[in-house]
Amino acid sequence: FILFLMFGVSFFSDQERITPSDEEVSQWKKSSPNIFQSAPKESNSWSVYLSQDYKINYPADIYIEPGIISGGGEALLMKGTQGVIDYTIEIQITDSQKTSIEKIHKIYEGFEYLKNAIVLNGISATQFSGNLGELHEKAVVFENEGKIYKIHLIYESSSQIFGIEEIFDKIVSTFRLQ
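In this report, we go over the structure that sits alongside the text. As the structure is a computational prediction, the values presented were derived from the model and not from experiment.

1. Quick word on the sheet that holds strand E3 (residues 54-59)
The antiparallel open sheet is built from three strands, whose spatial order is E2-E3-E11. Each edge of the open sheet carries a strand with a single partner, namely strand E2 (46-50) and strand E11 (176-177). Looking at chain direction, E3 and E11 are connected through two bridges and run antiparallel. Bridge pairing links Lys55 to Arg176 in E11. Contacts between helix H4 (residues 162-173) and the sheet are confined to E2, E3 and E11, with E3 contributing the most and set at about 150° to the helix.

Okay, here's the thing in structure tokens:
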């Protein structure tokens, strides 16, 4: 169960990806690492995903697939490629009575990931980041109205890929509750 919670529902696709240019990536940088508030400029390179719980923007070259978490809840899987590195971003929404936010925090704390308090469009959240060998992860976790929201990035590389993490940060910055 814990591994399932950490890595979420997995869907895979062999679709070809278009890598964002360095200029696009530099435009996605945030002004503050601890406050996610600005949405990207409307352009043809961004798409919008709308669920009954939230809205989020993402680069149009990212493959998305909604899903259901077997223990209860919903998920959205986003898959992209930066250079030759594939990455996955998953949004999970679960009932806070089934899995507490404290349990999720303890998982990341157990791996000794960096922990930062952040504000996500007016909502207090916690951001975790770290790696286990070549497995790099970054997650934003918060609770709202009896639901736990986890936005989770994962990729494998011998070093940290800042371009991937900047894309993740920019996607997170567009997250809005409905």
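After that view, the rundown keeps rolling.
2. Observations regarding the nonpolar core
It is characteristic of soluble globular proteins that their nonpolar side chains tend to be buried jointly. Ranked by internal contacts, the top residues of the largest apolar core, which has 30 residues, are Ile56, Ile171 and Phe175. With residues near it in sequence (within four places) discarded, Ile56 still touches Ser47, Val48, Tyr49, Leu76, Met78, Ile91, Ile171, Thr174 and Phe175. By size, the runner-up hydrophobic cluster in this structure holds eight residues, among which are Ile101, Phe128, Ala139 and Ile148.

3. Focus: the pairing of strand E8 (residues 123-132)
Counted residue by residue, E8 has seven buried out of 10 residues, so it is predominantly covered. In sequence, strand E7 (residues 114-120) turns back onto E8 through a hairpin of two residues, with Asn121 there showing a positive phi of about 50°. Across seven bridges, the pairing between E8 and strand E9 (residues 135-144) is antiparallel. In the strand pairing of E9, Leu132 is matched with Leu135. Where E8 folds back onto E9 in an antiparallel hairpin, the turn is made up of two residues, including Gly133, whose phi is positive at roughly 65°.

Rules and cut-offs
- Residues numbered from 1 in each chain as written.
- Predicted model: local features only at pLDDT ≥ 70, side-chain atom pairs only at ≥ 80, totals over all residues.
- Heavy atoms only, no water.
- Pairing = 2+ DSSP bridges.
- Helix = DSSP H or I, 4+ residues; strand = E, 2+ residues; numbered from the N terminus.
- Contact = heavy atoms within 4.5 Å.
- Axes fitted to C-alpha atoms, helices over the stretch in contact; angles between N-to-C directions.
- Core = buried A, V, L, I, M, F, W, Y, C linked by side-chain atoms within 4.5 Å.
- Buried < 20%, exposed > 50% of the residue type's maximum accessible area, 1.4 Å probe, protein only.

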